[in-house]
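Read off the chains here:
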Amino acid sequence: MNVATILKLKGAEVASVEPGATLETAVRLLSEKRIGAVMVLDEDRKIQGIVSERDIVRALATHGPACLPMTVMSVMTSTVKTCRSSDTIDQVMAQMTAGRFRHVPVVDDGRLTGIVSIGDVVKLRIAETELEVSAIRDYIAAH
Ligand code: AMP
């Protein structure tokens, strides 16, 4: 099972905003879609950055509610680590652990094709483990 398996299950939709969008817009999107991060894309859908709830909490702690009209560009992380759909779940888990982030956009041949969250990864990992356990149980019962 790899990143492509996750995208097949959850789809290729990526919630995104433009660099000049306000934090208020980003907050609304996070809430509506029940997600933890949005991609910041330019008009050519090229990745400019990522804004997660962590960045917004940090902005709130620094500026208070006055941060809401600020642009996402001013709080986003602009060096974004990405993965490919052919990457394994273990590779993405290792990437998330090493970088201490919970979202990884998927880029294939320079094109954004989806995003995986730690929730997606854990869900698939549990399904994989359950399959293995059931296969082992069947094997033991048959021998
Ligand atoms: P998260 O755990 O995804 O809420 O993000 C924690 C911090 O890492 C925030 O400052 C994000 O902007 C940043 N971040 C999230 N995903 C990535 C990524 N794929 N590459 C680089 N930074 C990221």
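For the structure, see preceding data.
Calculation criteria
Residues numbered from 1 in each chain as written. Predicted model: local features only at pLDDT ≥ 70, side-chain atom pairs only at ≥ 80, totals over all residues. Heavy atoms only, no water. Near = heavy atom within 4 Å. Polar contact = N/O pair within 3.5 Å; in protein donor to acceptor, adjacent residues only side chain to side chain. 1 Å grid on protein atoms, 1.4 Å probe; cavity = no way out; pocket = protein on both sides within 12 Å on 5 of 7 lines; lining within 4 Å. Sits in = over half its atoms within 2 Å of the grid points. Axes fitted to C-alpha atoms, helices over the stretch in contact; angles between N-to-C directions. Helix = DSSP H or I, 4+ residues; strand = E, 2+ residues; numbered from the N terminus. Parallel < 35°, antiparallel > 145°, perpendicular 65-115°, else oblique. Left-handed = near helix turned anticlockwise from the far one by under 90°. Contact = heavy atoms within 4.5 Å. Nonpolar A, V, L, I, M, F, W, Y, C, P; charged D, E, K, R; others polar. Buried < 20%, exposed > 50% of the residue type's maximum accessible area, 1.4 Å probe, protein only. Pairing = 2+ DSSP bridges. Core = buried A, V, L, I, M, F, W, Y, C linked by side-chain atoms within 4.5 Å.

1. Side note on the site of the ligand
Part 1 of the reasoning: Around the ligand, the surrounding shell holds 13 residues, and the nearest of these are Ser52, Asp55, Thr77, Arg102 and His103.
Part 2 of the reasoning: Side-chain polar atom of Ser52 to an oxygen atom of the ligand: 2.7 Å apart, as the coordinates give it.
Part 3 of the reasoning: Contacts to the ligand include Thr77, whose side-chain N or O atom sits 2.6 Å from an oxygen atom.
Part 4 of the reasoning: Judged by the proximity of its atoms to the pocket grid, the ligand belongs to the largest pocket.

2. Examining the packing of helix H2 (residues 23–33) against helix H3 (residues 53–63)
Part 1 of the reasoning: Running from N to C, H2 and H3 cross one another at 135 degrees; their axes reach a closest spacing of 11 Å. Considered as vectors, H2 and H3 are oriented oblique to each other. Here the hand of the crossing between H2 and H3 comes out left-handed. Counted together, Leu23, Ala26, Val27 and Leu30 of H2 and Glu53, Ile56 and Ala59 of H3 form the full contact between these two elements.
Part 2 of the reasoning: Grouping the amino acids of the contact of H2 with H3 by side-chain chemistry returns 6 nonpolar, no polar and 1 charged.

3. Description of the pairing of strand E4 (residues 103–108)
Regular strands place their side chains on alternate faces of the sheet.
Part 1 of the reasoning: Counted residue by residue, E4 has 6 buried out of 6 residues, so it is predominantly covered.
Part 2 of the reasoning: Side-chain alternation along E4 places His103, Pro105 and Val107 on one buried face and Val104, Val106 and Asp108 on a second face that is also buried.
Part 3 of the reasoning: Sheet analysis places E4 next to strand E5 (residues 111–117), joined by 6 bridges and oriented antiparallel. Of the residues in E5, the one forming a bridge with Val106 is Gly114.
Part 4 of the reasoning: In this structure, the hairpin formed by E4 and E5 is closed by a connection of 2 residues, where Asp109 is found at a positive phi of approximately 50 degrees.

4. So, the nonpolar core
Part 1 of the reasoning: One finds Val17, Leu23, Val38, Val40, Val51, Ile56 and Val72 to be the most contacted residues of the largest nonpolar core, which totals 16 residues.
Part 2 of the reasoning: In terms of residues, this core owes the most to one element, H2, which gives 4 residues.
Part 3 of the reasoning: When near neighbours in sequence (up to four residues on either side) are disregarded, Ile56 contacts Leu23, Ala26, Val27, Leu30 and Val51.
Part 4 of the reasoning: Membership of the second largest hydrophobic core comes to 12 residues, among which are Val3, Met96, Val106 and Val116.

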